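# Survey of secondary and tertiary structure
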Amino acid sequence: MTTVLVVEDEESIRVALADKLRTEGFQVEVASGGLEGLEAARRLRPGLVILDLMLPGLPGLEVLRRLRSEALPSAVIVLTARDRETDRVVGLELGADDYVTKPFSVRELVARVRAVLRRGESASAPAGAAERVYIGDVEVDFAAYRARRGAGEPVPLSPLEARMLRYLVSRRGRVVPRDEFLNAVWGYQAYPTTRTVDFHVKNLRRKIEEDPSHPRHIVTVHGVGYRFDE
Ligand code: CA
């Protein structure tokens, strides 16, 4: 049974979400503040975290940043207010898997939860895919969500970055059209903006390329998409 952690200070939303998710067969844990949510995520390592961004104490974006820097493998859906476009963009840039704008229907959110979890399953371990690959002198461990250059310190990868890289590696040497890449990594329902994709590609290059400004592995094919070269 998948555990979903709901981090939301507004009691009515928290209770409604928890009830609905339990009815849908999920194991649900709740937290009403940022720090409490972060601690619960560390302890429970839930399959998915529903994270409100407007929280007392530690703000949601900071919770997300820490989750990702600690390479916790949970998928994250952030809840944002309609007039907080910046939060949404920053949330995705920090490695949220999806976002839902308030006010939302509980049914819609549950559908997003299922979509994000499905995407994680299909992308995290394609049949026959290696858990560990070497890209130049960089070792990438998909299962542990991290990359390491030579004997250096491991660099955490977000689940999203791991999915992006894994998809490109599985099609090495071939051009992956942009649409195909977006479908495979983000899914049909939640296309990110161009700026968001570029941001993630840039981050990924910083982690695995020797010279990120002249990438040799994650190559942009202008007007078409991306190609992974050994
Ligand atoms: Ca709130």
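Before going further, it helps to spend a moment on the packing of aromatic side chains. Following the criterion strictly, the structure yields two aromatic pairs and no others. Between Tyr167 and Phe181 the ring centres are 6.5 Å apart and the planes differ by 45°, which places this aromatic pair in the tilted class. Remark: Phe181 occurs in helix 7 (residues 178-186) and Tyr167 occurs in helix 6 (residues 159-170); sequence separation between them is 14 residues. Assessed through its relative accessible area of 1%, Phe181 is described here as buried. Residues Phe181 and Tyr226 carry aromatic rings whose centres are separated by 5.3 Å and whose planes lie at 55° to one another, so their mutual orientation is tilted. With a gap of 45 residues between them, Phe181 in helix 7 and Tyr226 in strand 12 (residues 225-228) connect regions that are remote in the sequence. Each member of the pair, Phe181 as well as Tyr226, carries the same accessibility label: buried. Grouped by ring-pair contacts, the aromatic residues Tyr167, Phe181 and Tyr226 constitute a single cluster.

Structurally, the protein chain comprises domain 1 (3-123) and domain 2 (132-228). When each unit is reduced to the centre of its C-alpha atoms, the spacing between domain 1 and domain 2 is 24 Å. If you look at the interface, domain 1 gives 16 residues, while domain 2 gives 17 residues. Of the roughly 1,500 Å² buried at the junction of domain 1 and domain 2 (both faces included), carbon and sulfur atoms supply 57%. Inspection of the region where domain 1 meets domain 2 yields one salt bridge. Notably, a salt bridge pairs Arg163 with Asp97, separated by 3.2 Å at the nearest N-O pair. Here domain 1 and domain 2 share one residue pair in polar contact (both at pLDDT 80 or more) between them. Elements with a minimum of two residues in the side of domain 1 that touches domain 2: helix 3 (60-69), helix 4 (85-93) and helix 5 (106-124). With four residues, helix 5 is the single largest residue contributor to the side of domain 1 that touches domain 2. Looking at side-chain class alone, the side of domain 1 that touches domain 2 contains seven nonpolar, three polar and six charged residues.

Our focus in this paragraph is the pairing of strand 12. Residues in a regular strand project their side chains so that they alternate between the two faces of the sheet. Here strand 10 (residues 175-177) pairs with strand 12 via three bridges, running antiparallel. In the strand pairing of strand 12, Pro177 is matched with Gly225. Of the pairings in the sheet, the one linking strand 11 (residues 218-221) to strand 12 comprises four bridges and is antiparallel in character. What sits directly across from Ile218, in strand 12, is Phe228. Taken together, strand 11 and the strand that follows it, strand 12, pair antiparallel across an intervening segment of three residues, in which Gly223 is found at a positive phi of about 80°.

Here we take up the coordination of the calcium ion. At this site the calcium ion is bound by Glu8 (OE), Asp9 (OD), Asp52 (OD) and Met54 (O), with donor distances of 2.1 to 3.1 Å. Read from N- to C-terminus, the donor residues coordinating the calcium ion fall into the pattern E-D-x42-D-x1-M. Of the residues examined, Glu8 reaches a relative accessible area of 0% and is grouped as buried.

Each strand in a sheet pairs with its neighbour through backbone hydrogen bonds, running either in the same direction (parallel) or in the opposite one (antiparallel). Pairing is antiparallel in the open sheet, where three strands are placed in the order 10-12-11. Two strands close off the open sheet at either side, each with one partner strand: strand 10 and strand 11. Between one strand and the next, the sheet's axes are offset by a mean angle of 30°, whatever the strand orientation. Sheet contacts for helix 6: strand 10, strand 11 and strand 12; angle to strand 12, the most-contacted strand, approximately 70°.

What follows deals with the sheet that holds strand 3 (residues 48-52). Pairing is parallel across the open sheet formed by five strands, whose spatial order is 2-1-3-4-5. Whereas interior strands pair on both sides, the edge strands pair on one side only; in this sheet they are strand 2 (27-31) and strand 5 (98-102). Looking at each pair of strands side by side, their axes are set apart by 20° on average, direction ignored. Examined bridge by bridge, strand 1 (residues 3-7) and strand 2 share five bridges and lie parallel to one another. Paired with Val6 across the strands is Val30, a residue of strand 2. This element, helix 3, spans strand 3 and strand 4 (75-81) of the sheet and lies at about 165° to strand 4.

Conventions used here
Residues numbered from 1 in each chain as written. Predicted model: local features only at pLDDT ≥ 70, side-chain atom pairs only at ≥ 80, totals over all residues. Heavy atoms only, no water. Phe/Tyr/Trp six-rings, centres within 6.5 Å; stacked < 30°, edge-to-face > 60°. Helix = DSSP H or I, 4+ residues; strand = E, 2+ residues; numbered from the N terminus. Buried < 20%, exposed > 50% of the residue type's maximum accessible area, 1.4 Å probe, protein only. Domains from an automatic or database assignment. Contact = heavy atoms within 4.5 Å. Buried area = accessible area lost by both parts, 1.4 Å probe. Salt bridge = Lys/Arg side-chain N within 4 Å of Asp/Glu carboxyl O. Polar contact = N/O pair within 3.5 Å; in protein donor to acceptor, adjacent residues only side chain to side chain. Nonpolar A, V, L, I, M, F, W, Y, C, P; charged D, E, K, R; others polar. Pairing = 2+ DSSP bridges. Donors = N, O, S within 2.8 Å, 3.2 Å for Na, K, Ca; no water. Axes fitted to C-alpha atoms, helices over the stretch in contact; angles between N-to-C directions.

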